[in-house]
There are 2 protein chains.
Amino acid sequence: MAVDELSIIDRFFRPLAGEGSFALTDDAASLGVPAGFEIVVTTDMVAAGVHFLANDPADSVAQKALRVNVSDLAAKGAKPFAYVLGLGLGDETGEQWLAAFADGLGRDQKTHSMSLLGGDTISVAAGPVISITAFGLLPVGRMVHRFGGRPGDALYVSGEIGAGAAGLALLKSEAGPWDALPEKARNILVRRYRVPEPRVALSSALLEFASAAMDVSDGLVGDCDKLSAASGCSALIEAGRIPLPDGLGMVDERILARLLTAGDDYEILAAIPPRNEAGFRAAAAKAGVAVSRIGSLRAGGGKRTDVLVEGRPLPLYRRAYMHRSGETRS
Amino acid sequence: MAVDELSIIDRFFRPLAGEGSFALTDDAASLGVPAGFEIVVTTDMVAAGVHFLANDPADSVAQKALRVNVSDLAAKGAKPFAYVLGLGLGDETGEQWLAAFADGLGRDQKTHSMSLLGGDTISVAAGPVISITAFGLLPVGRMVHRFGGRPGDALYVSGEIGAGAAGLALLKSEAGPWDALPEKARNILVRRYRVPEPRVALSSALLEFASAAMDVSDGLVGDCDKLSAASGCSALIEAGRIPLPDGLGMVDERILARLLTAGDDYEILAAIPPRNEAGFRAAAAKAGVAVSRIGSLRAGGGKRTDVLVEGRPLPLYRRAYMHRSGETRS
């Protein structure tokens, strides 16, 4: 369809607009900041065939586009509150898709206490391409960075690693140990690929106890490389401690390596100083988020993360998901 | 090329990063707000084949992507200071394009005193698709809106209308009165299409004197419809008062209608109360921006703008540019 932007705004997006948006009738929006707070901003783009499958349900596409941003905010300790939306639509995208997309966005912004501040809808040669810039609030100067980790800090990860990658493999009918799982477990993995669960509930525990944190979006190993490099450290991970989805705990090393270097986890990787570990565990338990101690930071920057299986290095044929058009993650 | 995001950041975008960006090494950026100010945010996406031509120089593509956002901020009276960049690249986009794109962005952010806060680079099936969210500062509560115009307010427009549309027609070899212009004048029109000149210098005059304003990006007539509707008024424009590019002042009515309803002007349309007109003109002159009084707001909302030529309505076959993939503006 040709993009009649005004009609799309009227029908689908105005109901999502909140404070500062001027009901999407102006050229720009206003971001007020309560005294003592700063705004944290993050931006993520997702495209059909790369970050989601062209036939994924439109509401889950919207949720994924929003949640990958929410996940970044949560990792920084920030409370999400607003976002702007850039939407590039191909000719094949119809009103039904748009209605479902807006519905998914509407449900999700409610879940995360966010509102739409503004946006732009354009035609593109091949879509959809969705660009979201999301805003969170933090007490001034309190952002949890990737840097800040120290040698001796424990490394924790939330939830499970590899569920999204296994879900994508199922959607693409790639053979693997996931095929042997019961249908319900397979559906959960697919759901984890399509609709990440950003760990917003963990953000205040990070603010209080973490020396460094980031969200795991491009593969645990590569992301751990980034956190430790930013902190001037190197990292040691014990593969046996990494929480994997039910039924995928005993996979072979090739599959294990794949799950640890695939994208779409949207879990939190955090460095916790030893004196803070008990507090962090208690706060995470109170928040209802499972966290696992998977390793630690060591002195000496410039080295890649060592991933050990029973004391031996796990062979890794890559460190992280690499973006390539026409090739979805994992 | 496949997108190696880390290498692209290192080579091309880190040099553009400024305060609050943490050198693009974190998941999110920090937006501090000086006391007494609020942040104004706008987002615009541009795509090859729609907002720019696939063979346009990469540096001008970057400049256009940034400037369409700067134009929105200027129209609201805000001073631009930062932006985030979403970049969707097709396989055909190489390093040379990226280097020129980053160069254009770097020159332009310097011109506009902005810095890069963060970004995301992804692969898309057909690119480039560029999404920029830009931030400006305003004294709290002082944003110049589309609403706020009153019956009797004069309508002013900055610069010239139709230069971008004529430039695009030249690039697409569409016959018209622009063909008869000397080469230098034709080059200026092409340049106006590729690289808009946002009227940042006018923003403090707008803050002080305008009751309403917006940037003209989708055609003067349709944008005037929007400003007057938001203000609960209708508008009267005298076509003879609209500043057109040199040599296009005597065009026939069909061409005139096209120039007044095409995109890519990035001029400012402002409503100025009669008591403020002298002040506004003086402030614009001091800022070095030509402004022309083209009409006025009248009582009665819900009506479209009347465009008169010597007292008769100008026949308009459309009101505004409509986005359609594969069909560039104008």
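Residues numbered from 1 in each chain as written. Chains lettered and ligands numbered in written order. Predicted model: local features only at pLDDT ≥ 70, side-chain atom pairs only at ≥ 80, totals over all residues.

### Examining the overall build of chain A
Reasoning step 1: On a plain count of helices and strands, chain A comes out with nine helices and 12 strands.
Reasoning step 2: At 20 Å, chain A has a C-alpha radius of gyration in line with the 20 Å of a compact globule built from 330 residues.
Reasoning step 3: Counting only C-alpha atoms and orienting by the principal axes, one finds that chain A spans roughly 60 × 50 × 35 Å.
Reasoning step 4: When the 330 residues of chain A are sorted by exposure, 58% land in the buried category. (Helix = DSSP H or I, 4+ residues; strand = E, 2+ residues; numbered from the N terminus. Rg over C-alpha atoms; globule rule 2.2 N^0.38 Å. Buried ≥ 20, exposed ≤ 12 C-beta atoms within 10 Å, placed from the backbone.)

### With respect to the environment of Asp306 of chain A
Reasoning step 1: With respect to the element layout, Asp306 of chain A can be found in strand E11 (residues 306–309).
Reasoning step 2: Discounting chain neighbours no more than four positions away, the residues touching Asp306 of chain A are Leu236 and Pro313 of chain A. (Contact = placed C-beta atoms within 7 Å.)

### With respect to the relation of the copies chain A and chain B
Reasoning step 1: You can overlay chain A on chain B at an RMSD of 0.0 Å; the transform is a turn of 180° with a shift of 0.0 Å along its axis. Read as a symmetry element, the transformation amounts to a two-fold axis. Looking at the rotation axis and the C-alpha trace of chain A, the residue lying nearest is Ala126 of chain A, at 2.8 Å.
Reasoning step 2: By residue overlap, the copies meet face to face through one surface: 100% of the interface positions of chain A are interface positions in chain B. (Least-squares fit on C-alpha atoms with pLDDT ≥ 70 in both.)

### Focus: the packing of helix H1 (residues 5–13) of chain B against helix H3 (residues 95–111) of chain B
Residues and elements named next belong to chain B.
Reasoning step 1: Running from amino to carboxyl end, H1 crosses H3 at an angle of 45°, the nearest separation of the two axes being 10 Å. By the angle class used here, H1 and H3 are oblique. Crossing geometry of H1 relative to H3 is assigned as right-handed. Contact residues: H1 offers Ile8, Phe12 and Phe13, while H3 offers Leu98, Ala99 and Ala102.
Reasoning step 2: Of the residues that constitute the contact of H1 with H3, the class distribution is six nonpolar, no polar and no charged. (Axes fitted to C-alpha atoms, helices over the stretch in contact; angles between N-to-C directions. Parallel < 35°, antiparallel > 145°, perpendicular 65-115°, else oblique. Left-handed = near helix turned anticlockwise from the far one by under 90°. Nonpolar A, V, L, I, M, F, W, Y, C, P; charged D, E, K, R; others polar.)

### Looking at the nonpolar core
Reasoning step 1: Counting 214 residues, the largest nonpolar core has Tyr83 and Ala213 of chain A together with Tyr83, Ala213 and Leu269 of chain B as the members making the most contacts within it.
Reasoning step 2: Excluding residues that lie within four positions of it along the chain, Ala213 of chain A makes contacts with Ala75, Val144, Leu206, Ile268, Leu269, Ala270 and Ala271 of chain A. (Core = buried A, V, L, I, M, F, W, Y, C linked by C-beta atoms within 7 Å.)

### Quick look at the confidence of the model for chain A
Reasoning step 1: In the predicted model, chain A carries a mean pLDDT of 92, and 96% of its residues have values of at least 70.
Reasoning step 2: Every residue in residues 324–330 of chain A scores below 50 in pLDDT, and together they form 29 contacts with partners more than four places removed in sequence or on other chains. (pLDDT = per-residue confidence, 0-100.)

### Observations concerning the sheet that holds strand E3 (residues 79–89) of chain A
Pairing between the strands of a sheet comes from backbone hydrogen bonds, and it takes one of two forms, parallel or antiparallel.
Reasoning step 1: Read from one edge of the open sheet, five strands run E4(A)-E3(A)-E5(A)-E2(A)-E1(B), paired in mixed fashion. Every interior strand has two partners, whereas the edge strands, strand E4 (115–123) of chain A together with strand E1 (29–31) of chain B, have only one. Neighbouring strand axes in the sheet, compared pairwise and without regard to direction, differ in orientation by 20° on average.
Reasoning step 2: The sheet contact formed by strand E2 (residues 37–47) of chain A and strand E5 (residues 129–139) of chain A spans 11 bridges and is antiparallel. From the neighbouring strand, Ile39 of chain A faces E5 of chain A, where its bridge partner is Leu137 of chain A. (Pairing = 2+ DSSP bridges.)

### Describing unusual backbone geometry
Reasoning step 1: The omega torsion of the bond from Gly127 of chain A to Pro128 of chain A falls at -10°, within 30 degrees of zero and hence cis.
Reasoning step 2: A positive phi angle, near 55°, is found at Ser173 of chain B, a position not held by glycine.
Reasoning step 3: Summarising the element assignment, Ser173 of chain B is placed in the loop between helix H4 (163–171) and helix H5 (183–194).
Reasoning step 4: For Ser173 of chain B, a count of 7 C-beta atoms within 10 Å corresponds to the exposed category.

### Regarding the interface of chain A and chain B
Reasoning step 1: Taken together, the contact between chain A and chain B spans 57 residues of the former and 57 residues of the latter.
Reasoning step 2: Those elements that place two or more of their residues in the side of chain A that touches chain B are strand E1 (29–31), E2, helix H2 (58–75), E3, E4, E5 and strand E7 (212–216) of chain A.
Reasoning step 3: No other element matches the nine residues that E2 of chain A contributes to the side of chain A that touches chain B.
Reasoning step 4: Judged from the three bridges that link them, E2 of chain A and E1 of chain B form a sheet pairing that is antiparallel. Along E1 of chain B, the bridge assignment pairs Val40 of chain A with Ser30 of chain B.

### As for the domain arrangement of chain A
All names here are of chain A.
Reasoning step 1: According to the domain assignment, chain A consists of domain 1 (5–139) and domain 2 (154–313).
Reasoning step 2: The gap between the C-alpha centroids of domain 1 and domain 2 is 26 Å.
Reasoning step 3: Contact residues are listed per partner, giving 17 residues for domain 1 and 17 residues for domain 2.
Reasoning step 4: When contributions to the side of domain 1 that touches domain 2 are tallied by element, the ones reaching two or more residues are H2 and E3.
Reasoning step 5: Element by element, the count of residues in the side of domain 1 that touches domain 2 is highest for H2, at 10 residues. (Domains from an automatic or database assignment.)

### Overview of the pairing of strand E4 (residues 115–123) of chain B
Residues and elements named next belong to chain B.
Reasoning step 1: For E4, the tally of buried residues reaches eight of nine residues, placing the bulk of the element in the interior.
Reasoning step 2: The pairing of strand E3 (residues 79–89) with E4 spans eight bridges and is parallel. Across the sheet, Gly88 pairs through a bridge with Ile122, a residue of E4.
Reasoning step 3: Between the parallel elements E3 and E4, the chain passes through H3 in a crossover that is right-handed. (Right-handed = clockwise from strand over helix to strand, strands pointing away.)

### Some words on helix H5 (residues 183–194) of chain A
Reasoning step 1: With 12 residues, H5 of chain A extends 16 Å from end C-alpha to end C-alpha; this agrees with the ideal 16 Å at 1.5 Å per step.
Reasoning step 2: Against the buried residues of H5 of chain A lie H2 and helix H4 (163–171) of chain A. (Expected span 1.5 Å × (residues − 1).)

### Let's talk about the sheet that holds strand E8 (residues 233–238) of chain B
All names here are of chain B.
Reasoning step 1: Across the sheet, seven strands lie side by side as E7-E9-E6-E10-E8-E11-E12; this open sheet has mixed pairing. Of all the strands in the sheet, just strand E7 (212–216) and strand E12 (312–313) have a single pairing partner and so form its edges.
Reasoning step 2: Pairing geometry for strand E6 (residues 154–158) and strand E9 (residues 267–272), over four bridges, is antiparallel. Across the sheet, Tyr156 pairs through a bridge with Ala270, a residue of E9.

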